[in-house]
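Structural features, examined
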Amino acid sequence: MSTANPPAPSPRGGFATAVRRNTVDRIGDPTLRVLATLASAVAIAVILLIAYKVLAGSDTAFSKFGLRFLTTKVWNPVTNQFGAGSFIYGTIVSSAFAMLFAAPLSIAIALYLTELAPRRIRRPVATLVDLLAAIPSVIIGLWGILVMAPFMENHLEPALHSVLGWIPLFGGSPSPYGLLPAIAVLTIMAVPIISAITREVFETVPGDLKEAAYALGATRWEMTRMVILPIARPGIVGASILGLGRALGEAIAVTQVIGGAVAINASLFQPSDTLASRIASQFQSASGTVYISSLFYLAAILLVISLIVNIGARLIVRRGIAA
Amino acid sequence: MSATTGSPGPKLLGASPRRKRVNRTMEVLSSLAAGLAVAVLVIVIGSVLIKGVSALNLDFLTETPAPFGAPGGGIANAIVGTFLLVLIASAIAVPIGLLIGIHASEFARPRTSDAVKFALDILNGVPTIVTGVFIFGLLVAAHVDIFFVHLGGSQSGYAGAVALAIIMLPIVARSAQEVLGLVPGSLREGAVALGIARWRMVLRIVLPTAAGGLITGAVLGVARVAGETAPLLLTSSIASTAVSWNPGQALSSIPVSIFTLSESASPADHARGWAAALVLIIGVLVLSVLARSLHDRSRRRLRG
């Protein structure tokens, strides 16, 4: 069969090669199929294995502290008392504020890139925003601690304090480490993710709907508000949740700027810690079963949160695109 | 997509001044947002460039770290370490990712490949620090023998590389799935009609056609994990300062070095941190830009 017509990919023909080839093919086909299937199975197995290992590792801490761990605000390796309360608080506050800034910024960037920017600068600007996502978090953290945090301590935080100091969030004295730089760092890291997806969603909005709005006399903003945003809403929500997932799990850059304190402070100027940054900053020095197991427990909490967030976001994005 | 006109903009004949003002404000705000994002990028890269260049020289690339307090020294150990870690991680993640792509485009039923895609997306969303904890539990704390390599009891380059491979896998696999899906069915049918076996068709027609996109995925994966710090902190960070080519021991890496230097109180260490960051950022940005241009080119070719 394979010798019937010459322009086969391998022109070296001949009866002997053809026979040998058939034998190889009889092995080759199933081999490729089995290997490919195995590889796909690996992808699923890895996820399950991660969940199993992280949960198994937190077993000791779980049996010692139980669910109280989630609300206990203590981290004391000397007395072997551990709890995640303040880290959960730090994680939620830092990520929530980061989303508060990142989501509107990203929507605005996506609008600029799809509706406003002159054609010629669209691609370059989009590329630059995407490149922001490519900068390793440790470098954002380095910049955060050495450039941004001193600026915040000396200029931004005093200014915020003097104007808005009556709000507890901006109370207390400025400090080089704290929630505010962490929020800034997380915002920087979430914006490229959210704006990239939002941009894609905006581009799927049918042009005739936009033109219809214009034909009715809408301004560009009115068109955006009445056509683009309603259609893109599920996509925007999904994108924001994906960005949130990124912010929740970011360890390194946050560790560098947040100050690593076991405390719940109303003030954004004060040091705090998140689940991810606590693991990053403690693991190297951790010793003792309960101590290490408590870090696994933190990882388990983080894993559960990020699984919920990610699965939720994918479902929303998928539904939004299907609709 | 063609509908996103660089819209000449409505003429706003009947719009009241207030509506025009609101419109204008929103336009200005969203332009400012884009400007802000670009400005942050420029400031971050600019800081790294300005502060890194002054501390960067040939010695910095070829020497090992100076003893505590001494001047000079470099990050040769970290450069070698990062090279080895990324090499091993790629050797694991690229073939598996490619096979996952082949599975989706050639063998799997749609439902199966959807499930695999979902698993990969979830894997992509697992915080990298959790991946580090996982590998710590699997290959650092526990003792394992994989073929003739004994792991466990301590950190190792292998453990770090496996952690990086897990982070790289979804990136490589998802792009392979996507790119292989774009290879026209007519090419496959043509090949099969000529009597070629399926596996040959995959290796000689499908993969070469999609080569550009597949390489893009791999390069993006490399760019991503070359800068990863969190998983290495737990799996391959307590390393000697000598240059080591042995992944059986913990290897130093550029990101972990930057992290350690940034946590130091000494300005000399900060200068080293900036220089190391410059080395890393050049590498990562070159890879990202390369991946982007490869991506655009192969897309154009495949879409025709």
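Anyway, here's the lowdown on the structure attached to this text. (Residues numbered from 1 in each chain as written. Chains lettered and ligands numbered in written order. Predicted model: local features only at pLDDT ≥ 70, side-chain atom pairs only at ≥ 80, totals over all residues.)

The helix and strand inventory of chain B stands at twelve helices and two strands. Helices and strands appear in chain B in the N-to-C order α-α-α-α-α-β-β-α-α-α-α-α-α-α. Here the C-alpha coordinates of chain B stretch approximately 70 × 65 × 35 Å along the principal axes. Going through the 304 residues of chain B one by one, you find that 50% of them count as buried. A sequence separation of at least 24 residues applies to 75% of the contacts in chain B between residues at least 6 apart. (Helix = DSSP H or I, 4+ residues; strand = E, 2+ residues; numbered from the N terminus. Buried ≥ 20, exposed ≤ 12 C-beta atoms within 10 Å, placed from the backbone. Contact = placed C-beta atoms within 7 Å.)

It is worth spelling out helix α3 (residues 76–107) of chain B at this point. Between its first and last C-alpha atoms α3(B) spans 45 Å; for 32 residues at 1.5 Å apiece the expected length is 46 Å, and the two agree. B:Ser90 marks the point of greatest bend in α3(B), at about 25 degrees. (Expected span 1.5 Å × (residues − 1). Bend = angle between axes of the 7 residues up to and from the residue.)

In a packed pair of helices, the relevant descriptors are the angle between the two axes and the axis-to-axis distance. Residue and element names in this part refer to chain B. The contact between α3 and helix α9 (residues 211–226) brings their axes to 10 Å, and the two run at 140 degrees. Considering the angle they form, α3 stands oblique to α9. The element α3 and its partner α9 pack so that their crossing is right-handed. Mapping the contact onto sequence places Thr 82, Val 86, Ala 89, Ser 90, Ala 93, Val 94 and Leu 98 in α3 and Leu 214, Ala 218, Gly 221, Val 222, Val 225 and Ala 226 in α9. Its residues assigned to classes, the contact of α3 with α9 shows ten nonpolar, three polar and no charged. (Axes fitted to C-alpha atoms, helices over the stretch in contact; angles between N-to-C directions. Parallel < 35°, antiparallel > 145°, perpendicular 65-115°, else oblique. Left-handed = near helix turned anticlockwise from the far one by under 90°. Nonpolar A, V, L, I, M, F, W, Y, C, P; charged D, E, K, R; others polar.)

Let us look at the interface of chain B and chain A. How big an interface is tends to be stated in terms of the accessible area lost upon association of its parts. Each partner contributes residues to the interface: chain B has 85 residues there, and chain A has 86 residues. In terms of residue count, helix α1 (residues 17–55) of chain B provides more of the side of chain B that touches chain A than any other element does, 18 residues in total. When its residues are assigned to classes, the side of chain B that touches chain A shows 56 nonpolar, 21 polar and eight charged.

Quick look at the environment of A:Phe82 now. Residue and element names in this part refer to chain A. Of note, Phe 82 is situated in strand β2 (residues 81–82). Along the sequence, Phe 82 and Val 290 sit 208 residues apart, while their C-alpha atoms lie 8.6 Å from each other. When near neighbours in sequence (up to four residues on either side) are disregarded, Phe 82 contacts Ala 61, Phe 65, Phe 69, Val 74, Trp 75 and Ser 294.

Geometric descriptors of this kind do not, in isolation, establish any biological role.
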